[in-house]
Amino acid sequence: MIDLDETLRAVSTVLAVSALIDERLRDIEMIEFSHSVMTINQRIRPGVILPRKTVVKWFKDNEDEITVKISEDENSVWRKEILSLITDPELRRLVLSAMFSISVCDYELDDEECEFLKLAVSLWETGLPSVADVELMVV
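What you are looking at is a predicted structure, and each value in this text was computed from that prediction instead of being measured. Sequence order as written defines residue numbering, which begins from 1 separately in each chain. In keeping with the predicted nature of the model, local features appear solely for residues at pLDDT of at least 70, side-chain atom pairs appear and are counted solely at 80 or more, and the whole-chain, interface and lining totals rest on all residues. Side-chain metrics rest on all non-hydrogen atoms present in the structure, leaving aside hydrogens and water.

Notes on the overall build of the protein chain
Okay, so step 1: Secondary structure elements follow DSSP: runs of H or I of four or more residues count as helices, runs of E of two or more count as strands, with numbering from the N terminus. When its secondary structure is counted, the protein chain shows 7 helices and 0 strands.
Okay, so step 2: Each helix (α) and strand (β) of the protein chain, taken in turn from the N terminus, gives the series α-α-α-α-α-α-α.
Okay, so step 3: Partly exposed describes any residue whose relative accessible area lies between the buried limit of under 20% and the exposed limit of over 50%, with all areas from a 1.4 Å probe on protein chains only and scaled to the type maximum. For the protein chain, the residues scored as buried account for 47% of the 139 residues in total.
Okay, so step 4: For the protein chain, the share of sequence-separated contacts (at least 6 apart) that also reach a separation of at least 24 residues comes to 76%.
Okay, so step 5: Note on areas: these come from Shrake-Rupley sampling with a 1.4 Å probe, and a residue is covered only by the protein chains present in the view. Accessible surface for the protein chain amounts to roughly 7,600 Å². Of this, 52% is attributable to carbon and sulfur atoms. Contact between two residues is taken to exist if any of their heavy atoms lie within 4.5 Å; hydrogens are not considered.

Written out as structure tokens, the structure is:
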């Protein structure tokens, strides 16, 4: 299993939920997930290279467990727990932008994806990402 530091593991888990929550993992979502994790890694750990194959391996190693947790998550208790692990306001903005990008990259915003975004916005007491916030995710 790939060991990421605690912060990046929390970010990766939240973003994996964004990719898996609609119960359809499309190639474009995997590409966006990988890109987002790598971009956020560069921002929070400058100089630490995280190869795409490492990100994909982490995702594959954790996909089944995350899928089960999503399906068993009564009243979004687990989702609230993983979102609460991200406390830095700037990191929250980056993660929210990435969640949004993953959710809409397949040109659909499913109810499950929308609810997860709303939960993050509510818990983090922030608005949806602005164009400037989303542009921060572009490398």
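Focus: the packing of aromatic side chains
The way to describe two aromatic rings as a pair is by their centre distance and the angle between their planes.
Okay, so step 1: Here the aromatic set is Phe, Tyr and Trp, taking the six-membered ring for Trp, and pairing holds for ring centres within 6.5 Å; pairs whose planes are under 30 degrees apart are stacked, those over 60 apart are edge-to-face, and all others are tilted. Scanning the model with the defined rule gives 2 aromatic pairs in all.
Okay, so step 2: Judged by centre distance (6.4 Å) and plane angle (20°), the ring pair of Phe 33 and Trp 58 falls under stacked. Taken together, the residues span a long stretch of sequence, with Phe 33 in helix α2 (residues 27-44) and Trp 58 in helix α3 (residues 52-72) at a distance of 25 residues.
Okay, so step 3: With a relative accessible area of 0%, Phe 33 lands in the buried category.
Okay, so step 4: You can call Trp 58 buried: its relative accessible area is 4%.
Okay, so step 5: Pairwise contacts between aromatic rings join Phe 33, Trp 58 and Phe 59 into one cluster.

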